[in-house]
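A structural walkthrough
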Amino acid sequence: MLIVYTQATQVKRESYASGGYQLFMEVKDIEEEKGKDLERAKWYTDIVQQAELADYAPVKGCMVIRPYGYALWENVQKALDQMIKDTGHQNAYFPLFIPESFMQKEKEHVEGFAPECAVVTHGGGKKLEEPLIVRPTSETIINHMFAKWVQSWRDLPLLINQWANVVRWEMRTRLFLRTTEFLWQEGHTAHASEDEAEEEAQKMLAVYKTLAEDWLALPVLTGEKTDNERFRGAVRTYCIEALMRDGKALQAGTSHFLGQNFAKAFDIKFQSAGGDLEYAWQTSWGVSTRLIGAIVLGHGDEKGLVLPPKIAPIQVVIVPIYKTDDEKAQVTKYCEQIVLALKDHARVHADMRDQYTPGWKFNHWEQKGVPIRLNIGPKDVANNVVEIVRRDNFEKMRGVKQTDLANEIPKLLLAVQKNIFERALKFRQESTVKINDYKAFKKTLDEKNGFIEASWCGSGDCEQTVKEDSKATIRLIPFGNDRTPMNDKCVHCGKPAKWQVVFARAY
RNA sequence: CGCCGAGUAGCGCAGUCUGGUUAGCGCGCCUGCUUUGGGAGCAGGAGGUCGUGGGUUCGAAUCCCAUCUCGGCGACCA
């Protein structure tokens, strides 16, 4: 079973859509899948635009994050920022421009990023003496500063985070998932010992997992990246991986143990308690606006977005229903009362626009993924009740007493949050298979994608061959005992297996 | 950057092959009336340098060249 976006339905509903045609998905058999990738891909870009999350900017690969999308990002930001601060980090801001020479100090790092860097060659009408790189990530400039700030073991650990935009000149872009410029946070830390830095990298990975699961309602796998997928300049890269509803994986966040690579390149040295001069041990970690894409692809359905209540810009939308002026006056007054009663318990919005019909508003707010809707008409006013509709399962609750709302709505929001997490978890469990035969491996990918747990020899070349042949990559090597191979042979080459890993086609 | 598809009103498209009055259609928008518990109806109206720049021609949305952008697939990546 797969979710597809069908052309037929699109045409049928075309005339009703506010910004073009209506989005629609249906569950269909795998056999009917051929050639549907385009529709599924289009579903994503359409929904992002129609729900007013983002729009294309006049510059190639760039997007405008619209108010509704930005409000969503702000809520993600707020939750994560608090967790970053709670784990002892401080926010700071470093410049957008980096001297070109800085990028070249760490060998692997420059090799990894040079091709995708935007370079400023002119300023003030003159050619610059040294070109400036628009940061693709800030390791170099931050570490340049760290070298000045770190002298003694007493200066450590240095725990810094910055919220910023970065630019990577990508070949192919998609709204939120991969844009030339994107917003993110990047944490950069320096520690006196290897163990402490390792612990920090793991700690922040755990924070990301909490953010994804508790706030975005997206279950994630955690683990380590293979050499091929490692951040250029890092010793080890850890990641959280989520499964989207079309069965493709999405890397939702990374945390890197940098060892002393950058410390050596940027000369970050400190004098230890024992008097020795030592290089600092470092980490860096980041999540980006790609998370918005993860929410869309992880929860969205045939009607549009489904937002996790905890981060939804609007948690409860009120749609008034009336015919006569008299009814309108009554209903309006009643809605105002309800907004007052709820405003301390939820982010509530009453859509009092006269020019749209209730039916239009139902669809509009469903498309935007608002978790709970209250339908309020004359009958409800007369009985002092409201009708509640859940976005996640369309369950309707009629005749809910107005006096119970302040109590019930927060509970209901939690229930929606829990339900969409569990739904996503169930989907992931059903989409995860253990395979030790390469033919079955490819068959599974072609039929339904999903996560494939398999044993692997540990060779980067072998991994690369699998990628070219099947379009699947190793998303991660699990932690601990989970990485112990289940079979003695590699699923692809048959050589002795080193690890149990998770394969998937990814965004 | 390679291959494919597309750029015509705010959105979705027709017209292009085969050059020829005033460039159409649906939705949206504006005005009025009527409606409102799942994307309402009728009437009237506004809105276009046909992506951009060259060229061919008496005449170009249409043909030729160049270029930009968007989408898909591939190589690269959060």
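Residues numbered from 1 in each chain as written. Chains lettered and ligands numbered in written order. Predicted model: local features only at pLDDT ≥ 70, side-chain atom pairs only at ≥ 80, totals over all residues. Heavy atoms only, no water.

Moving on, we come to the overall build of chain A. The helix and strand tally for chain A stands at 15 helices and 25 strands. Its C-alpha atoms give chain A a radius of gyration of 25 Å, near enough to 23 Å, the size a compact globule of 507 residues would have. Across its three principal directions, the C-alpha atoms of chain A cover 80 × 55 × 50 Å. A total of 507 residues make up chain A; the buried ones form 52% of that total. In the structure as shown, chain A presents an accessible area of about 23200 Å², 50% of it carried by carbon and sulfur atoms. Counting 68 positive and 70 negative side-chain charges, chain A places the averaged centre of each group 3 Å from the other. (Helix = DSSP H or I, 4+ residues; strand = E, 2+ residues; numbered from the N terminus. Rg over C-alpha atoms; globule rule 2.2 N^0.38 Å. Buried < 20%, exposed > 50% of the residue type's maximum accessible area, 1.4 Å probe, protein only. Areas by Shrake-Rupley, 256 points an atom, 1.4 Å probe, with all protein chains shown as cover. Lys, Arg positive; Asp, Glu negative; His and termini not counted. Charge placed at Lys NZ, Arg CZ, Asp CG, Glu CD.)

The subject of this paragraph is the side chain of glutamate 387. Within the fold, glutamate 387 resides in strand 20 (residues 385-390). A distance of 2.8 Å separates the side chain of glutamate 387 from the side chain of asparagine 375, its partner in a polar contact. At 3.0 Å, the side chain of glutamate 387 and the side chain of arginine 398 are in polar contact. When neighbours within four sequence positions are excluded, glutamate 387 is seen to be in contact with Arg373, Leu374, Asn375, Asp380, Lys396, Met397 and Arg398. (Polar contact = N/O pair within 3.5 Å; in protein donor to acceptor, adjacent residues only side chain to side chain. Contact = heavy atoms within 4.5 Å.)

Topologically, threonine 140 is positioned in helix 6 (residues 139-149). Relative accessible area serves as the criterion here: at 0%, threonine 140 is assigned to the buried category. In the structure, threonine 140 is positioned 36 residues away from glutamine 104 in sequence and 8.9 Å away in space, judged by C-alpha atoms. When near neighbours in sequence (up to four residues on either side) are disregarded, threonine 140 contacts Ile98, Phe102, Met103, His109 and Phe266.

A separate point is the packing of helix 3 (residues 67-86) against helix 7 (residues 194-215). Where helix 3 meets helix 7, the closest approach of the two axes is 11 Å, and the angle between their N-to-C directions is 145 degrees. Crossing of helix 3 over helix 7 shows right-handed handedness. Across from Val76, Ala79, Leu80, Met83 and Ile84 in helix 3, the residues of helix 7 making contact are Met204, Val207, Tyr208, Thr210, Leu211 and Trp215. Broken down by class, the residue content of the contact of helix 3 with helix 7 amounts to ten nonpolar, one polar and no charged. (Axes fitted to C-alpha atoms, helices over the stretch in contact; angles between N-to-C directions. Left-handed = near helix turned anticlockwise from the far one by under 90°. Nonpolar A, V, L, I, M, F, W, Y, C, P; charged D, E, K, R; others polar.)

Across the sheet, five strands lie side by side as 18-17-19-20-21; this open sheet has mixed pairing. The open sheet has two free edges, formed respectively by strand 18 (348-350) and strand 21 (396-401), since each of these has just one partner strand. Ignoring strand direction, the axes of neighbouring strands in this sheet form an average angle of 25 degrees. Two elements, strand 19 (residues 372-376) and strand 20, share four bridges in a ladder whose sense is antiparallel. The partner of isoleucine 372 across the bridge, within strand 20, is arginine 390. Relative to the sheet, helix 13 (residues 405-430) contacts strand 17 (316-320), strand 19, strand 20 and strand 21, its axis offset from that of strand 20 by approximately 10 degrees. (Pairing = 2+ DSSP bridges.)

Further remarks concern the packing of aromatic side chains. Scanning the entire structure with this criterion turns up 14 aromatic pairs. With a centroid separation of 6.5 Å and an interplanar angle of 70 degrees, the aromatic rings of tyrosine 208 and tryptophan 285 are classed as edge-to-face. Remark: tryptophan 285 occurs in strand 16 (residues 281-288) and tyrosine 208 occurs in helix 7; sequence separation between them is 77 residues. For the pair tyrosine 208 and tryptophan 285, one class covers both residues: buried. A network of ring pairs unites the aromatic residues Phe94, Phe146 and Trp149 as a single cluster. Here lysine 368 stacks its cationic end above the ring of tyrosine 68, 4.4 Å away from the centre of that ring. One Lys or Arg, lysine 498, reaches over the ring of tryptophan 499 and ends 4.7 Å from the middle of that ring. (Phe/Tyr/Trp six-rings, centres within 6.5 Å; stacked < 30°, edge-to-face > 60°. Lys NZ or Arg CZ within 6 Å of the ring centre and 35° of its normal.)

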